[in-house]
Protein chains: 2
Amino acid sequence: MVGLDHTHDAPARSWVPGADGHPDFPIQNLPLGVFSMEDGAKRAGIAIGDRILDLPATRAAGLLSGEAARAVAAAEGGALNGLLALGAGPRRSLREQVFGLLRADGPHRDRASPLLHEASSCTLHLPAAIGDYTDFFVGIHHATNTGRQFRPDQPLLPNYKHVPVGYHGRASSIRPSGLPVRRPHGQAKPPHLDAPVFGPSRRLDYELELGVWIGPGNALGEPVPIAEAAAQVAGFCLLNDWSARDIQGWEYQPLGPFLAKSFSTTISPWIVTPEALAPFRAPQAPRPEGDPAPLPYLFDAADQAGGALDLELEVLLSTPASREAGLAPHRVARSNARHMYWTVAQMVAHHTSGGCNLRPGDLLGTGTLSGPEPDSYGSLLETTQGGKQPIRLATGEERRFLEDGDEVILTARGVREGFAPIGFGACRATVLAAR
Amino acid sequence: MVGLDHTHDAPARSWVPGADGHPDFPIQNLPLGVFSMEDGAKRAGIAIGDRILDLPATRAAGLLSGEAARAVAAAEGGALNGLLALGAGPRRSLREQVFGLLRADGPHRDRASPLLHEASSCTLHLPAAIGDYTDFFVGIHHATNTGRQFRPDQPLLPNYKHVPVGYHGRASSIRPSGLPVRRPHGQAKPPHLDAPVFGPSRRLDYELELGVWIGPGNALGEPVPIAEAAAQVAGFCLLNDWSARDIQGWEYQPLGPFLAKSFSTTISPWIVTPEALAPFRAPQAPRPEGDPAPLPYLFDAADQAGGALDLELEVLLSTPASREAGLAPHRVARSNARHMYWTVAQMVAHHTSGGCNLRPGDLLGTGTLSGPEPDSYGSLLETTQGGKQPIRLATGEERRFLEDGDEVILTARGVREGFAPIGFGACRATVLAAR
C-alpha cells in the first residue's frame, strides 16, 4: 500500500488516557479540526481519544518544528484553509511530530499533557471557511434507485457512465455535527393537487455521503491532470446532504436541486487526512462488462489501482420515543465507500477539466453512497421507496420520512486486518419542527 | 417614486472634469467599487466621471463623518462586504456626503481633488468576497426560447410561473470586467456520435444578466419576508454567465448546469446602488391573463408597484477582424431589465423561504434577460437558434457561436425623462483560445 509508515503501526500506543482502542481517534488517526473553549477563541486542534490537542499552544511550547510548525502557523485565525493549502508535505510533518509527541514513549508527556482538553468541554467548528461546495452523484446504486422512481425503464441517464455528474451546492448553510436542522418550508405540488402549496416539507430526508476537503487548489484556466488530482485532496469527513423530497420534486427541472438542499448540510468536524486513510485504500471496482472506459482525462492506472476507499458507513436513527425508552439508535443502513462509480481523483480532474478553479478549503460531496441491497440504501427515499414501504423501528414506530425530533447519525470507519481501526467521529443532527 | 432626494436632481453638476454628462458615472450615480494603483493595495472607491475617489483617503482627510465614515471603515481590507452588511442607512449617508463633496459648489474641492485618481491608471477588482453565487432564470423570454429548443410543445415547464427557478453557481471563477475568458475543454456528445468526446467547446456563448449584491443577509433558518426583501439588496452589476452549450447539453441532466458555466463568469466591477437606481424603478408588468398569482410568500403590493427596474441593456460584439477594420462593436441585442417574470425581491424571498442564509457580498444573477423579439435575445443560443441561423456582422463575418478573439461587451443604462441618465460601466471580456 502506498504511503504507509510507522504512524500506521497497529501496535502503536499513546500515553493519552483512553486513546488506545478508541473507536474513532486512536493515535493512528490524528484528524485535524478547529475548536474553542470558554473564551470562544477558535484554534486548530488534533483529536486523540476523547481529547483535543491545542496545536497553536503546542507550537508555542516549542514542541513542533520545521514544516509542522509552519503548518500550524498557517492555520492561525481559527480556520485551516492556510494549512490545507500547503499540501501533503507539511501535513505529513505535523502528523509525524504529533505522533511522536503522543506515543506511549514520547519524551515530552509532561509538557504536552496540559495542552490537551476534554473534547466534551470544547465546541467544534467548521474546520475551514468553505469557499465553494460541490456535490457529486457518484454512488451508482443511489443514482439507479432514485432514477428508477422517475424513469422505470431508464434509471441511469445516458451521461452517467461518462461524466462524474455533479452540481454546485450551497456553502453558507453547511454546519458542523451537533447543531440541529430545522424542517424547511417550501413549495411543493402533491400529485392530487392542481397547483403548488407552500408549507413545511412533509418528505424530509437524509443522504449518507463523504465530504472531500480540497488542499492546494488550482488557478483558473489550469485543469488538474488526473495523475495529480489525489494531491489536491487534504482530507475527508462525513456529510449529510439533508433533502426535502417534496420541494425537490417540484423545483428541480430544469436547473437542478436548489432550496430542497440549501436549508442545511451537516458535516463531521474532523478532517481525516489521506495519510490516516492510507491503510484503507482499495482498487476501484472494475467496471461491469459493457460499461464504457473512462475518457483519457479521467483515467490513471495508479488511481484505478488504489484510489477507492474501503470505509464502512452507517446511518443510525433515534426518535424521541426511542430515546425515552433508552434504546440505542436504530441502524437504518450499512454501506461502504467503495460503492462509488468514480474515484475522488476523477471527481477532482473532472471538476477542473474546463478550467474551474478549486480553492483551499473547498468541499466536495460524493453523493449518496448506497449499496446494492435495501439495508445499504443511504436515503429514506430509497429505503422506503419514496415513502411507500415504511421502516419499522424497535419502538414499534414507522418512518416513511423524518419526523420532528428524529436524530440522524452517520458514521464512517476504516477496518482492515493488521491495522488499527479508525473512525470519522459522528455526523449527527436532530430535526427541529418548522417555524 | 420612492427614495428620491436632492442627489437625484438632474441639474446637479460636479466640479470633477468630465463628470457632467458622463454616460455612466455622473454625480447622480456614485457607484461603489474596489480599486488598486501601482502599490497593489486594494481600497474602496467611488466612480465619478473617468475618475475614482479614494474612500479611505477621503475619510482619513476628515471629509467624511458619522455613518458615512463608519461605512468606509467597514470596507477596510479591500473588500466591501462589511460596508454592504451595514444596509441602507450608512450607504445613503456615504452617497449624500460624497455628493456634497463632489458637487459643483462643494466647499472642499481643494482638499478632495488630490483624492481622485484617473480610472485608466487604476485596476478594478471584484468589489466583495463572494461567499455564494446563485443564478436565477427569471427572464421568461429566455426560458421560453431555450425551452422551445428542447420541448417544442411545452417550452415552459409547469413550475416556471410558480417558482422563481434558480440554482447554485460557482463563486470562485467570477472575475471582473476586462480579464479574458479561456475557452473551456469539456465533454460533449454531438448528435452524430454514439459516445462523447472531450475537447474545446465548439458552442461557446454569453448570457446577458444583471447581478444583485446582497447586503445585510439573514441567519440560517430565518427567512426574509417579501416585504423586507428589497432591504437585503445592496446594489447591482452586469453579469455575463459564459456558457458552453455543447458541454451543457450533455452534462445537465439530472442535476443542472455545472462545468458548462463554472469556467468563468464576468461582472462589471461597480456596485450601482439601489439609491442611484431609484429614478429607474417601475411597476412589475402585470401577469398575462391566465397566469397563476404568486403564492402569498412571494407577493407584496409595494414590490409589485415599484420593484421592477427599467434599465436598457445591450450586448455588443467585436471580432479581431472588426477591430482590425476600425469598426465599432456590433450590437447583437438590445433588451431591458423589465423582462423579468419575478422581481429581485421575489428572488430574495424565495431563496430564503426554506431558511437558507444569505451573507453580505453574496451575488445573485437574474438569468438571461432576453426580450420578446430576436433582436433582444440575450444569448447566441437564442439569437442564432442554436447555431442554425448565423448572425452577419458588418465585416461580412458570420457567427453561430463565439470564436477566439471575440470580445463581448454588456451595458446597462437608466434613462428617464427628468433625470440624469446613468450607466453601469462595461462588462467586457475577450475569448482566448483553448489551451
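Calculation rules
- Throughout, a residue's number is its position along its own chain's written sequence, starting from 1.
- Lettering of chains starts at A and numbering of ligands starts at 1, both following the order in which they are written.
- Side-chain atom pairs in this predicted model are given and counted only at pLDDT of 80 or more, local residue features only at pLDDT of at least 70, and totals for whole chains, interfaces and linings cover all residues.
- Think of the side-chain values as coming from all heavy atoms in the structure, minus any hydrogens and water.
- Numbering goes from the N terminus for both helices and strands, where a helix is a DSSP run of H or I of at least four residues and a strand is a run of E of at least two.
- For a compact globule the rule gives 2.2 Å times the number of residues to the power 0.38, and the radius of gyration it is set against comes from C-alpha atoms.
- Three exposure classes are used, based on accessible area relative to the maximum for each residue type with a 1.4 Å probe and protein chains only: buried under 20%, partly exposed in between, and exposed over 50%.
- Surface exposure here means Shrake-Rupley accessible area, sampled with a 1.4 Å probe, where a residue is shielded only by the protein chains that are shown.
- When checking whether two residues touch, look at their non-hydrogen atoms; a contact exists if any pair is within 4.5 Å.
- By convention, the term buried area covers the 1.4 Å-probe accessible surface removed from two parts as they join, with the contributions of both added.
- By definition here, a salt bridge exists when the distance from a side-chain nitrogen of Lys or Arg to a carboxyl oxygen of Asp or Glu is within 4 Å.
- Any N or O atom pair separated by 3.5 Å or less is treated as a polar contact, with the protein-specific requirement of one donor-capable and one acceptor-capable atom, and with residues adjacent in sequence counted only for side-chain atom pairs.
- Each axis is a line fitted through C-alpha atoms, and for a helix only the stretch in contact is used; angles between axes span 0 to 180 degrees, taken between their N-to-C directions.
- Should an angle lie under 35 degrees it is considered roughly parallel, over 145 roughly antiparallel, and from 65 to 115 roughly perpendicular; all remaining angles are considered oblique.
- All residues other than Ala, Val, Leu, Ile, Met, Phe, Trp, Tyr, Cys, Pro, Asp, Glu, Lys and Arg, Gly among them, are scored as polar; the first ten of these are nonpolar and the last four charged.
- Here a helix's expected span is defined as the number of its residues, less one, multiplied by 1.5 Å.
- For each structure, a 1 Å grid was placed over the protein atoms alone; sets of points admitting a 1.4 Å probe that cannot get out are labelled cavities, open sets with protein on both sides within 12 Å along at least five of seven lines are labelled pockets, and lining residues have an atom within 4 Å of a point.
- Grid points are joined across faces, edges and corners, and a volume is the space filled by probe spheres set on the points.
- The pairing criterion for strands is at least two bridges between them, as found by DSSP.
- UniProt positions are given in the numbering used here, feature names are shortened, and annotations may be inferred rather than shown by experiment.
- To superpose the copies, least squares is applied to the C-alpha atoms of every residue with a pLDDT of at least 70 in both.
- Planes of paired rings set the category: under 30 degrees apart is stacked, over 60 is edge-to-face and the rest tilted, where pairs are Phe, Tyr or Trp rings (Trp by its six-membered ring) whose centres lie within 6.5 Å.
- Only Lys NZ and Arg CZ are tested; either one counts as a charge over a ring when it is within 6 Å of the ring centre and within 35 degrees of the ring normal.

Enquirer: Please explain the overall build of chain A as it appears in this structure.
Expert: Across its full length, chain A holds 13 helices and 26 strands. In terms of overall dimensions, chain A is globule-like: its C-alpha atoms have a radius of gyration of 21 Å, near the 22 Å expected for 435 residues. Among the 435 residues that make up chain A, the fraction classed as buried is 60%. Total accessible area on chain A is roughly 15500 Å²; 52% of this is exposed by carbon and sulfur atoms.

Enquirer: What is the right way to look at the interface of chain B and chain A in this model?
Expert: How large an interface is tends to be reported as the accessible area lost when its parts come together. Every contact between the two is made by 56 residues of chain B and, on the other side, 56 residues of chain A. Summing both sides of the interface, chain B and chain A together bury roughly 5300 Å²; the carbon and sulfur share of this comes to 61%. If you sort the residues of chain B by the area they bury against chain A, B:His168, B:Leu255 and B:Phe258 come out on top, with a joint share of 16%. Scanning the region where chain B abuts chain A turns up 6 salt bridges. A salt bridge links A:Asp362 to B:Arg170; the nearest nitrogen and oxygen atoms lie 2.7 Å apart. Put simply, chain B and chain A have 24 residue pairs in polar contact (both at pLDDT 80 or more) between them. Of all the secondary-structure elements, those providing two or more residues to the side of chain B that touches chain A are strand S6 (133-136), strand S7 (166-169), strand S10 (185-188), strand S11 (197-200), helix H8 (245-251), helix H9 (259-262) and helix H12 (344-352) of chain B.

Enquirer: I keep staring at the packing of helix H2 (residues 66-74) of chain B against helix H4 (residues 88-102) of chain B and nothing clicks. Help me out?
Expert: When two helices pack together, their arrangement is given by the angle between their axes and by how far apart the axes lie. All names here are of chain B. Taken N-terminus to C-terminus, the directions of H2 and H4 make an angle of 110 degrees; their axes are 7 Å apart at the nearest point. Taken together, H2 and H4 sit at an angle that is classed as roughly perpendicular. Residues Glu67, Ala68, Arg70, Ala71 and Val72 of H2 lie in contact with H4, whose contacting residues are Pro90, Ser93, Leu94 and Gln97. Of the residues in the contact of H2 with H4, the class split is 5 nonpolar, 2 polar and 2 charged.

Enquirer: Sorry, what's going on with the pattern of salt bridges here?
Expert: Two side chains with opposite charge may pair up if their charged atoms get near one another. Residues and elements named next belong to chain A. Taken as a whole and judged by the stated rule, the model has 48 salt bridges over all chains. Close ionic contact of Asp291 with Lys161 constitutes a salt bridge, the shortest N to O distance being 2.8 Å. In this pair, Asp291 is assigned in the loop between strand S17 (281-282) and helix H10 (301-306) and Lys161 in the loop between helix H6 (140-150) and strand S7 (166-169), connecting sequence segments 130 residues apart. With relative accessibility at 18%, the residue Asp291 sits in the buried group. Each of Asp205, Glu207, Asp241, Arg245 and Lys261 takes part in one network of salt bridges that share partners.

Enquirer: Quick question: what am I supposed to make of helix H4 (residues 88-102) of chain A here?
Expert: What sets the pattern is the α-helix's 3.6 residues per turn: residues three or four places apart point alike. Under the 1.5 Å per step criterion, the end-to-end length of H4(A) is 21 Å for 15 residues, consistent within 8% with the ideal 21 Å. By the burial criterion, the buried members of H4(A) are A:Pro90, A:Arg91, A:Ser93, A:Leu94, A:Arg95, A:Val98, A:Phe99, A:Gly100, A:Leu101 and A:Leu102.

Enquirer: When you look at empty space enclosed by the protein in this model, what are you seeing that I'm missing?
Expert: Rolled over the atoms, a probe sized like a water molecule indicates the empty space that remains. Within the structure shown, the criterion is met by 11 cavities of 30 Å³ or more. Of the pockets and cavities examined, the largest cavity occupies roughly 50 Å³. The wall of the largest cavity is formed by A:Val163, A:Tyr297, A:His350, A:Ser353, B:His185, B:Gly186, B:Gln187, B:Ile247, B:Trp250, B:Glu251 and B:Leu259. Those elements that provide at least two residues to the lining of the largest cavity are S10 and H8 of chain B. In terms of residue class, the lining of the largest cavity is built from 5 nonpolar, 5 polar and 1 charged.

Enquirer: Explanation requested: the sheet that holds strand S5 (residues 123-125) of chain A in the structure shown.
Expert: Consider a sheet: its strands pair through backbone hydrogen bonds, and that pairing is either parallel or antiparallel. All names here are of chain A. With antiparallel pairing, 5 strands are arranged side by side in an open sheet as S4-S3-S2-S1-S5. Bordering the open sheet on either side are strand S4 (116-118) and S5, each of which pairs with just one other strand. Averaged over all adjacent pairs, the angle separating strand axes in this sheet is 50 degrees, with direction ignored. Pairing between strand S1 (residues 32-36) and strand S2 (residues 43-48): 4 bridges, direction antiparallel. Bridge assignment links Leu32 to a residue of S2, and that residue is Ile46. Against the sheet, H4 touches S1, S2 and strand S3 (51-54), its axis set at about 55 degrees to S2.

Enquirer: What is the right way to read the UniProt feature "binding site: Mg(2+)" (unreviewed entry) in chain A from this model?
Expert: Residue and element names in this part refer to chain A. Annotation from UniProt places "binding site: Mg(2+)" (unreviewed entry) at Asp241, Lys261 and Thr265. For the residues just named, distributed over 25 residues, the greatest C-alpha separation is only 7.5 Å, placing them together at one site. Considering only the annotated residues already named, the ones lining the second largest pocket are Asp241 and Lys261. Residue position: Lys261 is located in helix H9 (residues 259-262). If we skip the residues at most four places from it in the chain, Lys261 touches Tyr167, Glu207, Asp241, Trp242, Ser243, Arg245 and Gln248.

Enquirer: What exactly am I supposed to notice about the relation of the copies chain B and chain A here?
Expert: Mapping between the two chain copies consists of a rotation about an axis together with a translation along that axis. The transformation that overlays chain B on chain A combines an axial shift of 0.0 Å with a rotation of 180 degrees, and the residual RMSD is 0.0 Å. As the rotation angle and translation indicate, the two copies are arranged about a two-fold axis. Across chain B, the rotation axis passes nearest the C-alpha of B:Gly256, at a separation of 2.1 Å. Comparing contact sets, 100% of the residues at the interface of chain B also lie at the interface in chain A, consistent with an isologous, same-surface contact.

Enquirer: How should the sheet that holds strand S13 (residues 208-214) of chain A be read in this particular structure?
Expert: All names here are of chain A. The sheet built from 7 strands is open, its strands ordered S7-S6-S21-S13-S14-S16-S8 with mixed pairing. The sheet is open, and its two edges are formed by S7 and strand S8 (174-176), each paired on a single side. When strand polarity is set aside, the average angle formed by the axes of neighbouring strands in this sheet is 35 degrees. Where strand S14 (residues 233-240) lies against strand S16 (residues 265-267), 2 bridges are found, and the strand directions are antiparallel.

Enquirer: Teacher, can you tell me more about unusual backbone geometry here?
Expert: In this structure, A:Pro254 follows A:Gln253 across a cis peptide bond, with omega equal to 5 degrees. In this model, B:Leu30 sits at a positive phi of 55 degrees, which is unusual for a non-glycine residue. Take B:Leu30: it is sitting in the segment before strand S1 (32-36). At B:Gln385, a residue that is not glycine, the phi angle is positive and equals roughly 50 degrees.

Enquirer: I'm lost on the packing of aromatic side chains in this one. Help?
Expert: Within a pair of aromatic rings, the relevant descriptors are the distance that separates the centres and the angle that separates the planes. The tally for this structure, following the rule as stated, stands at 12 aromatic pairs over all chains. On the numbers, 5.6 Å between centres and 80 degrees between planes, the contact of A:Tyr341 with A:Trp342 is edge-to-face. You can call A:Tyr341 buried: its relative accessible area is 8%. Between the aromatic rings of B:Tyr160 and B:Tyr341, the centroid separation amounts to 5.9 Å while the plane-to-plane angle is 50 degrees, which identifies the pairing as tilted. Placement of B:Tyr160 in the loop between helix H6 (140-150) and S7 and of B:Tyr341 in the loop between strand S20 (330-336) and H12 is noted, with a sequence separation of 181 residues between them. Across the pair, B:Tyr341 and B:Tyr160 agree in class, each one buried. Among the aromatic residues, those joined into a ring-pair cluster are A:Phe137, A:Tyr160, A:Tyr341 and A:Trp342. Directly above the aromatic system of A:Trp342 lies the positively charged group of A:Arg287, at a separation of 4.5 Å from the ring centroid.

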